[in-house]
Amino acid sequence: PYNGAITSNPVTIEVAPRKQAMLITDVGSMTIQFEYELAPKHIENFIELAQRGAYNQKWIHRIDPGYLFQTGCPKGDGTGVRDDGKKLVAEFSDAPIDRGTVCMARLETDPNSASCQFFITAARMPQWDGKYTVFGKLVGSDSFETLDKIMSQPIREDGHPKRSLLL
């Protein structure tokens, strides 16, 4: 341009597909936008499990009112891991754990114990920042309406919903 008085490097644009997951529950649906730059191995794990049907017909087995709900346990009680026993090395980041953040569940005593269970937060949880692998976030008003419906479900003393909620 400008008769060669100004030069520039050529621009290359690469378009990469970004996948989302749709969680369909008894009370509505939620869309998860994956955060590839934060936790690529955890996203790969989640997608693999979802494609194999590992999350189909799983219970939402834990609701902590005002904080989170948890699902993805093959046993339905919060004690299960993937059928092949695979566990993931933590991919901690400085991403804030806000309302609608999707994190892999793990044992408090072992940061590298994430497997298949995950939780979605209902509030800002600054005390958890950097302590759980964030791999996605909810997007869309329908997702947050469903989150609120799940969080308003009556629970038993052990944190399990009084009525079964399925994915």
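Up top is the structure.
A brief structural summary. (Residues numbered from 1 in each chain as written. Predicted model: local features only at pLDDT ≥ 70, side-chain atom pairs only at ≥ 80, totals over all residues. Heavy atoms only, no water.)

**Looking at the overall build of the chain**
What counts is decided by this rule: Only DSSP runs of H or I covering at least 4 residues are called helices, and only runs of E covering at least 2 are called strands; the numbering of each starts at the N terminus. When accessible area is computed with a 1.4 Å probe and restricted to protein chains, residues below 20% of their type maximum are described as buried, those above 50% as exposed, and intermediate ones as partly exposed. In this description, contact between two residues means that some pair of their heavy atoms is separated by no more than 4.5 Å. Surface exposure here means Shrake-Rupley accessible area, sampled with a 1.4 Å probe, where a residue is shielded only by the protein chains that are shown.
Broken down by element type, the chain carries two helices and seven strands. Mapped in sequence order, the helices and strands of the chain form the string β-β-α-β-β-β-β-β-α. In the chain, buried positions account for 44% of the 167 residues. Counting only contacts in the chain whose residues sit at least 6 apart along the sequence, the fraction spanning at least 24 positions is 68%. Of the accessible surface of the chain, which amounts to about 9400 Å², a share of 51% is contributed by carbon and sulfur atoms.

**Structural notes on the side chain of Thr-31**
Along the chain, Thr-31 turns up in strand β2 (residues 28-34). For Thr-31, the residues in contact, after removing those within four places along its chain, are Gln-20, Ala-21, Met-22, Lys-137, Leu-138, Val-139 and Ser-143.

**Observations concerning the environment of Ile-32**
You can see Ile-32 is positioned in strand β2. As a C-alpha pair, Ile-32 and Phe-135 span 103 residues in sequence and 9.2 Å in three-dimensional space. If sequence neighbours within four positions are ignored, Ile-32 has contacts with Gln-20, Ala-21, Leu-23, Phe-46, Val-102, Gly-136, Lys-137 and Leu-138.

**Topic: the state of the cysteines**
For clarity, the threshold we go by: Cysteine sulfur pairs qualify as disulfides if the two atoms are within 2.5 Å.
A complete count under the given rule lists zero disulfides for this structure. In this structure Cys-116 is not part of a disulfide, and its nearest cysteine sulfur, from Cys-73, lies 6.3 Å away.

**Details of the sheet that holds strand β7 (residues 134-139)**
Rules: Two strands are said to pair when DSSP picks up at least two bridges between them. The convention used is that axes are lines fitted to C-alpha atoms, helices contributing only their stretch in contact, and that angles between N-to-C directions extend from 0 to 180 degrees.
Across the sheet, seven strands lie side by side as β1-β2-β7-β5-β6-β4-β3; this open sheet has antiparallel pairing. Strands with a single pairing partner mark the edges of an open sheet, and in this sheet they are β1 (20-25) and β3 (60-64). Strand-to-strand twist across the sheet, computed as the mean angle between neighbouring axes with direction ignored, equals 25 degrees. Note that strand β5 (residues 101-104) and β7 share three bridges and pair antiparallel. What sits directly across from Cys-103, in β7, is Val-134.

**Some points on the pattern of salt bridges**
Stated formally: Each reported salt bridge corresponds to a side-chain nitrogen of Lys or Arg within 4 Å of a carboxyl oxygen of Asp or Glu.
Inspection of the entire model under this criterion finds nine salt bridges. A salt bridge links Lys-137 to Glu-35; the shortest N-O distance between them is 3.6 Å. Linking Lys-137 in strand β7 with Glu-35 in the loop between β2 and α1 (40-51), this pair joins segments that are 102 residues apart in sequence. Overall, Lys-137 belongs to the partly exposed group, its relative accessible area being 40%. In this structure, Asp-64 engages Arg-62 in a salt bridge whose closest nitrogen and oxygen atoms are separated by 2.7 Å. Look at the salt bridges and you will find they share partners, linking Glu-48, Arg-82 and Asp-84 into a network.

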